[in-house]
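This is what each chain is made of:
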Amino acid sequence: MSRAIQGRGCLPWTRLGPYLRAASLPDAIKKHQKSLAAWFSNQPSEERQFGPSFSLDAVHVDPVIRESSLEQILKPSPELPIRHQLQRSSRRVISLQNLFDADACGRQVKNVVLYGTVGTGKSTLIKKMVVDWCHGLLPRFELVIPFSCEDLSHSRVPISLRRLVTKKYQHLRDVAPLLGASNLKVLFILNGLERLNLDFRLAGTELCCDPSEPIAPSAIVVNLLRKYLLPEASIIVTARPSAVRRIPGKYVGRYAEICGFSDTNLQKLYFQMRLSQPGCGGEGSGEQENLLEMLWRNLERQNQIAAACFLPSYCWLVCTTLHFLYFTRTVPPSQTLTGIYTSFLRLNFSGEVLDSTDPTAVSMMKYVAKTVGKLAHEGVMSRQTCFSEEDLRQCLEVEMKTESELNLLEVFRGDVFPFFLTPCVQPGREHTFVFTIPAMQEYLAALYVVLGEKKTLAQKVGKELSELIGKVSEDAAVVLGIVSKVLPLRFLPVLFNLLKIFPRFFSRLSGKDRDTIARTMAEELFKEEDYYNDDVLDQINSSILGVEGPLRHPDEAPDDEVFELFPIFMGGLLSRRNRALLEQLGCSIKNLAALEIAEAMKKTVIRNSRKGLPPSELMDYLFFLHEFQNERFTAEAVRSLRTVNLSSVKLTPLKCSVLASVLGTACHEVDELNLTSCNLDAGSLRTLFPVLLRCKVLHLQLNSLGPDACEELRALLLHAKCAVSDLRLSNNPVGVQGARHLAEALAGNRSLSRLSLLHAALGDRGAEEIARRLPENQQLQELNLGYNSLTDASALSVVEVAKKHATLDKVHLYFNDISEEGKRALHSLRMERDGVRALVFLTAGTDVSDYWSSILSTVQRNLPFWDRERVRQHLALLLRDLESSRRQTGNPWRKAKFLRVESEVKRMLAKLQHGTP
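Rules of the game
Residues numbered from 1 in each chain as written. Predicted model: local features only at pLDDT ≥ 70, side-chain atom pairs only at ≥ 80, totals over all residues. Heavy atoms only, no water. Helix = DSSP H or I, 4+ residues; strand = E, 2+ residues; numbered from the N terminus. Buried < 20%, exposed > 50% of the residue type's maximum accessible area, 1.4 Å probe, protein only. Areas by Shrake-Rupley, 256 points an atom, 1.4 Å probe, with all protein chains shown as cover. Core = buried A, V, L, I, M, F, W, Y, C linked by side-chain atoms within 4.5 Å. Expected span 1.5 Å × (residues − 1). Contact = heavy atoms within 4.5 Å. Patch = residues over 30% accessible without salt bridge, like charges linked within 9 Å, V, L, I, M, F, W, Y side chains within 5 Å. Salt bridge = Lys/Arg side-chain N within 4 Å of Asp/Glu carboxyl O. Axes fitted to C-alpha atoms, helices over the stretch in contact; angles between N-to-C directions. Parallel < 35°, antiparallel > 145°, perpendicular 65-115°, else oblique. Nonpolar A, V, L, I, M, F, W, Y, C, P; charged D, E, K, R; others polar. Pairing = 2+ DSSP bridges. Right-handed = clockwise from strand over helix to strand, strands pointing away.

In the nomenclature of an unreviewed UniProt entry, the protein chain is known as NLR family member X1 of Cairina moschata.

Quick notes on the overall build of the protein chain
Along the backbone of the protein chain there are 37 helices and 18 strands. The burial tally for the protein chain puts 53% of its 917 residues in the buried class. For the protein chain, the accessible area works out to roughly 41,400 Å², and carbon and sulfur atoms hold 52% of it.

A closer look at the nonpolar core
Counting 211 residues, the largest nonpolar core has Phe420, Leu444 and Leu675 as the members making the most contacts within it. The biggest single contributor to this core is helix H13 (residues 312–327), with 11 residues. Formed by 76 residues, the second largest nonpolar core is a distinct cluster that contains Tyr115, Leu125, Ile126 and Leu143.

Considerations on helix H31 (residues 735–748)
With 14 residues, H31 extends 20 Å from end C-alpha to end C-alpha; this agrees with the ideal 20 Å at 1.5 Å per step. The complete set of buried residues in H31 reads Gly735, Gly738, Ala739, His741, Leu742, Ala743, Ala745, Leu746 and Ala747. On its buried side, H31 packs onto helix H30 (707–718), strand E13 (754–756) and helix H32 (763–773).

Details of a nonpolar patch on the surface
On the surface, a nonpolar cluster with roughly 310 Å² of combined accessible area is contributed by Leu202, Leu207 and Tyr228. You can see Leu207 is positioned in the loop between strand E4 (186–191) and helix H8 (217–226). The partly exposed category is assigned to Leu207, whose relative accessible area is 42%.

Points about the packing of helix H35 (residues 852–862) against helix H37 (residues 892–914)
For the pair H35 and H37, the least separation of the axes is 11 Å and the interaxial angle reads 5 degrees. Between H35 and H37, the interaxial angle falls into the category roughly parallel. Listed contacts from H37 to Trp852, Leu856, Val859 and Gln860 of H35 are Arg900, Val901, Glu904, Val905, Met908 and Lys911. Looking at side-chain class alone, the contact of H35 with H37 contains six nonpolar, one polar and three charged residues.

Comments concerning the pairing of strand E5 (residues 234–239)
Counting buried positions along E5 yields six of six residues, so the element is predominantly enclosed. Taking every second residue as pointing to the same face, both faces of E5 are buried, with Ser234, Ile236 and Thr238 on one and Ile235, Val237 and Ala239 on the other. Of the pairings in the sheet, the one linking strand E2 (residues 111–115) to E5 comprises five bridges and is parallel in character. Each residue of the ladder has a partner; that of Leu114, found in E5, is Thr238. Relative to E5, E4 runs parallel, the two sharing four bridges. Bridge pairing in E5 places Leu190 opposite Val237. The parallel pair E4 and E5 is bridged by H8, and the resulting crossover is right-handed.

A few points about unusual backbone geometry
The linkage connecting Val331 with the following residue, Pro332, adopts the cis geometry, with an omega of -5 degrees. If you trace the backbone, Pro332 turns up in the loop between H13 and helix H14 (337–349). Within the chain, Ser677 stands out as a residue other than glycine whose phi angle is a positive 55 degrees. Owing to a relative accessible area of 28%, Ser677 belongs among the partly exposed residues under this scheme.

Focus on the sheet that holds E4
Strand order across the open sheet formed by six strands is E1-E6-E2-E5-E4-E3, with mixed pairing between neighbours. Looking at strand neighbours, the two that pair on one side only are strand E1 (65–68) and strand E3 (143–148), the edges of this open sheet. For this sheet, the mean inter-axis angle between neighbouring strands, taken without regard to orientation, is 20 degrees. The sheet contact formed by E1 and strand E6 (residues 254–258) spans four bridges and is antiparallel. Looking across to E6, one finds that Arg66 is bridged to Glu257. Each of E1, E2, E3, E4, E5 and E6 is contacted by helix H5 (residues 122–134), which is oriented at about 155 degrees to E4, the strand it contacts most.

Focus: the sheet that holds strand E9 (residues 643–645)
Pairing is parallel across the open sheet formed by eight strands, whose spatial order is E9-E10-E11-E12-E13-E14-E15-E16. Where the open sheet ends on each side, the last strands, each with one partner, are E9 and strand E16 (837–839). Neighbour to neighbour, the strand axes of the sheet diverge by 10 degrees on average, direction disregarded. In this structure, E13 lies alongside strand E14 (residues 782–784), joined through three bridges in parallel fashion. Counted as the bridge partner of Leu755 is Leu783 from E14.

Right, dumping it as structure tokens:
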């Protein structure tokens, strides 16, 4: 029967074959190539951050592929897998283009199985192979037809091979009839064999050689691999290691294993291609080159990062994280760190089930959360990052009871385990395992808690009992409904209601789980022992780029492990976007659960945030609010922050974006914002502009803010809604041009009452710019121009203007180049109008200045940042002035005051001489 069908279907095409090959075939294949190139070049949304110039052609680096054999695949693995794949260097390396070369015995290879664990880059390699063929770089084959085994697994309707081809690729409708009827060199690509259940027994899958005969898609695959259907076609199959044995060895011409980036040079090449893209987002090639240099140095140290980047997927995660840390400019940031990790897992697992042959169909990610998540959580709770084989057994095997569970564990060990855990490379810990990327431990621990997997024995038993009784009560309802119609037994409904009590009671009890999650999150977020660590973003940066300086000696005691990302990931996983991604991975977090957790932790979080957190811890708190992505919750939390102190936190563009985004959720005025020594620049001020507008006291000292930044400050101070009343710009290279911008701002500002330009490199010209526009200001009360190399003329000019100003009553001019004559002239100006105080020296005639303590405390605070020799000279000058004034007074009380101030100055000079701060 099948031969008759085959004859009727093929004869007309046999006659028309030459015509088709001469005319329509090349056009159809060209259209097919164009369509495939467009489809396979299309990158996931997660890749768009790398800029419009990013493409698969531009950044692909082929992983190492080694020839293997069925014996090596089936070889019994150790009880716990993966001794690093770098050790498997004896096998022959083979390129993608040579996979179909004749084998060692000279036999032609038609079927190739390409396998690798999760994250080795199987799918990306296949994409690149298809794109290469579309661009003419794979001339061995005239036609390439890729199939997704996941797609085929969802089809239950019988279909012929020719119909299947035209259904998936419409452009091949004129080519499909030639399959099996011509010498067309065809390559079938079957990606993801583990998604498909194949049965090579004749009793399970009948033989079929007719490409027009409708059969099940799995039967088409089996007959293609048997070479019973289209024996001349070449086939490449990709699979995880556990699925390779599903194909009998006699049907496979070559086994090849994708071994990742086993050479650090491949890793470097990948990073260079990724991070050097023109559209990557950096402001110049200098920053990108510096970033690459630090990353390469860390790889060459044989750090744990090099072992992680053995997997191409982790190279992607490293690049994406660095891009997030260094090139985020938008407000709010377009991504969250939790979102990056969730997207990373979605790209690698995409909702796959662990074993398609298992009836439970448990998702791979759900299984990881229950097993590896438990290990990660126990490590976080005990501050442990290295795990022995016994630790792994306790988490992976302790609840294995059935044959199905043991089979799932075996699949997990071979396919997924190396993705999350790798042997430690630290000397002395070679026989332990660590998480491939340190932050992944905290992410999985957070996922374990948020999914509610952390349960006591009573909770587990209670849940199972509740489900059982719930089912019994449903069955009982049906029975009681029938019996009550026959027998009027009034006690039966009472019994039925009693059966319902336990599930209701348990549902209330389960609500306590959410309170526990909220309490855990709040407690971990505000752990006092972590208060003085670097903020979490700096910690992540150090884990990728390393810490500059001498390496730690192997015998030196390690620092305590820090797990400050754990609560932040918990908050991030509750955001709507991450919950949607987790749903795709088979890990469901309900909207109601997320809402209840947020409500349960709100009071605790807000109460703890009011205690006055250290700067790095406050930055972590703001980052937590950003990751949480709950605008209403964030606005309520931020309103309680009246003083924000982030001094000495290195505010990268990302941190500025986070700060602007989080504080932007509420519109309240901030009493004080301290951004001293935060590495700010003009771009930072531009990002923070909406926040700065609402600050009353603004600390911007020690930030290297030059004229460009002063231009931004001019726009800020001239804004109609500006609330800044106290602006401190000490120890910034403002310069003459910057002074000109600030002078223009003073002329039009209506809020500023205090301006500090101490040690701002103004010089005489800068001071004159300030003095020239100062009369136009109506609110300023205090102006600090100390330590700016002002001479007598410019200092007198400033005080002359101050004398006529309506509100200005204090001008700081100490540590300037003012002579004795200038001092006397300034003193006489002060005497002409009481209320204008020119703070120049520690003396006021034959008395000590009322502001001597303020002047010396200012000097003391700034000693670490000022030129010590110049400070010593100024202090010596002040000391001589004090001694001279003391000799001129006969008042013993005044002499005592002079002696006290002199002792303070001498003490500071002694510290300078000995080099102590």
